[in-house]
Amino acid sequence: MKFEPAKSRCLVIKKGPITQKFTLKIQDEEISSIIGNPIRCLGKLYDDSLKDVNNSRCLEQQTTERLVKIDKSGLPGRFKAWIFRHELLPRLMWPVMLYDIALSMIEGLERRINRYLRRWLGVQQCFSSTVLYSKSAKLQLPLSLVVEKFKVGNACLIITLKDSKGDKVSEAGVKIQTGRKWKYDVVAISETYLQEGCDWQLHILGFCCLRCDRIGGARGGAVALLARENITAMLWQDRLGGSSKETIWVELRNRKGVISLIGVYYRPPNGERELEEQICKEIADICIKHKVVIMGDFNFPHIDWEAHL
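None of these values were measured; they are calculated from a predicted model.

Enquirer: What's the story with the nonpolar core in this structure? I'm lost.
Expert: Looking at soluble globular proteins, one finds that nonpolar side chains tend to be buried together. Phe84, Leu92, Ile106 and Leu117 are the most contacted members of the largest nonpolar core, which totals 26 residues. If you list the elements that add at least two residues to this core, you get helix 1 (53-71), helix 2 (77-98), helix 3 (103-121) and helix 5 (146-162). At 8 residues, helix 3 tops the list of elements feeding residues into this core. When neighbours within four sequence positions are excluded, Phe84 is seen to be in contact with Leu67, Ile70, Leu89, Pro90, Ile113, Leu117 and Trp120. One finds Leu210, Ile248, Leu252 and Val264 within the second-largest nonpolar core, a separate group that totals 12 residues.

This is the structure we're talking about:
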């Protein structure tokens, strides 16, 4: 392997502080210090701080500048929204995955983006962001939440590193820093698409996985629940007589012995009336004796939650 000093950087640390009193050479050619001369590798910028704080601020500033440029382009609002979706958002996702960025910063960026999107689409600033990104409303816009993209990108990165073909990478135990706001103890997943023998897809460091796969090998469906290893999680399914097919009930106990009962459901869109009655009866019977949390995907898009119909 041949080293090229021009493409290399050095950083000398003496008893804690960074110093420039020493120089390093390769083939009698001096290596430039990374101080004041950062280097970029695979899209990631490395500087003498050895942290991602400066890169996070730079990303925030660049995103704001690009939003301003799009806003001043003179194009119709719908074209500006199109540019954001197909040009700015993909450019934003790569550095977001590379750097350790706090979720609070991503939320701040999303609020700023939402203000521009409302202006471009010609709606009031009080227009709810829930409606802006809704996938079940009458008007469905082809827009994606930046926070959602951020979480999905980090999850994909974890799986990519863990399932790497290189043993050194897969066994390194790499952890992704997501900030204090994204610290979940329990995660419920519906439509896992998992079948018997697919354990690797939900083997996440620090979590135990309890799941109910779709029987018969048909594609789609299935549910799972992830709980942190410091929480005692026990499958409660055996206590249910004639439970619905794609359901999992888990009993959780923390260190103080407090018990929580969590149910995760998946009801197919073409589910029969009999299945609906079975799910309702099952939930009603359990709620009589226990305090429960119910999650999942019931596929009832026509429910009017305000009118309770």
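After that view, the rundown keeps rolling.
Enquirer: What should I look at first to understand the pairing of strand 13 (residues 292-297) in this one?
Expert: Sheet faces and side chains relate simply in a regular strand, where the side chains alternate between the two faces. Note that strand 12 (residues 259-266) and strand 13 share 6 bridges and pair parallel. For Gly263, the partnering residue across the bridge sits in strand 13 and is Ile294. Crossover strand 12 to strand 13 through helix 7 (residues 273-289) is right-handed.

Enquirer: How should I be thinking about the packing of helix 2 against helix 5 in this particular structure?
Expert: Think of two packed helices as two axes; the pair is described by the angle between the axes and how far apart they sit. Following both chains from N to C, one finds helix 2 and helix 5 inclined at 45°, their axes separated by 10 Å at the closest point. Taken as axis vectors, helix 2 and helix 5 run oblique relative to one another. Seen from above, helix 2 lies across helix 5 with right-handed handedness. Residue-level contacts link Leu89, Leu92, Met93, Val96 and Met97 of helix 2 to Val146, Lys149, Phe150, Gly153 and Leu157 of helix 5. For the contact of helix 2 with helix 5, a count of residues per class yields 8 nonpolar, 1 polar and 1 charged.

Enquirer: Is there a simple way to think about the pattern of salt bridges in this case?
Expert: Proximity of charged atoms lets side chains of opposite charge pair with each other. Applying the stated criterion across every chain yields a total of 10 salt bridges. The partner of Arg267 in a salt bridge is Glu276, and the shortest N-O contact between them spans 2.9 Å. Using a relative accessible area of 5% as the deciding quantity, one classes Arg267 as buried. Residue Glu277 is joined to Arg273 by a salt bridge in which the shortest nitrogen-to-oxygen separation is 3.8 Å. Note that Glu277 and Arg273 are positioned in helix 7 at a spacing of 4 residues, about one turn of the helix. Each of Arg267, Arg273, Glu276 and Glu277 takes part in a single network of salt bridges with overlapping partners.

Enquirer: What is the right way to read the packing of aromatic side chains from this model?
Expert: Each pair of aromatic rings is reported with the distance of its centres and the angle of its planes. One pass over the full model with this rule turns up 3 aromatic pairs. Between Trp249 and Tyr265, the ring centres sit 6.0 Å apart and the planes meet at 85°, which makes this aromatic pair edge-to-face. You can see Trp249 sitting in strand 11 (residues 247-253) and its partner Tyr265 sitting in strand 12, a full 16 residues away along the chain. Grouping residues by exposure puts Trp249 and Tyr265 together as buried. Clustering of aromatic rings is evident, with ring pairs tying together Trp249, Tyr265 and Phe298. Looking at Arg78, its charged tip hangs above the ring of Phe79, at a distance of 5.0 Å from the centre.

Parameters at a glance
Residues numbered from 1 in each chain as written. Predicted model: local features only at pLDDT ≥ 70, side-chain atom pairs only at ≥ 80, totals over all residues. Heavy atoms only, no water. Core = buried A, V, L, I, M, F, W, Y, C linked by side-chain atoms within 4.5 Å. Buried < 20%, exposed > 50% of the residue type's maximum accessible area, 1.4 Å probe, protein only. Helix = DSSP H or I, 4+ residues; strand = E, 2+ residues; numbered from the N terminus. Contact = heavy atoms within 4.5 Å. Pairing = 2+ DSSP bridges. Right-handed = clockwise from strand over helix to strand, strands pointing away. Axes fitted to C-alpha atoms, helices over the stretch in contact; angles between N-to-C directions. Parallel < 35°, antiparallel > 145°, perpendicular 65-115°, else oblique. Left-handed = near helix turned anticlockwise from the far one by under 90°. Nonpolar A, V, L, I, M, F, W, Y, C, P; charged D, E, K, R; others polar. Salt bridge = Lys/Arg side-chain N within 4 Å of Asp/Glu carboxyl O. Phe/Tyr/Trp six-rings, centres within 6.5 Å; stacked < 30°, edge-to-face > 60°. Lys NZ or Arg CZ within 6 Å of the ring centre and 35° of its normal.

Keep in mind these values describe shape, not function.
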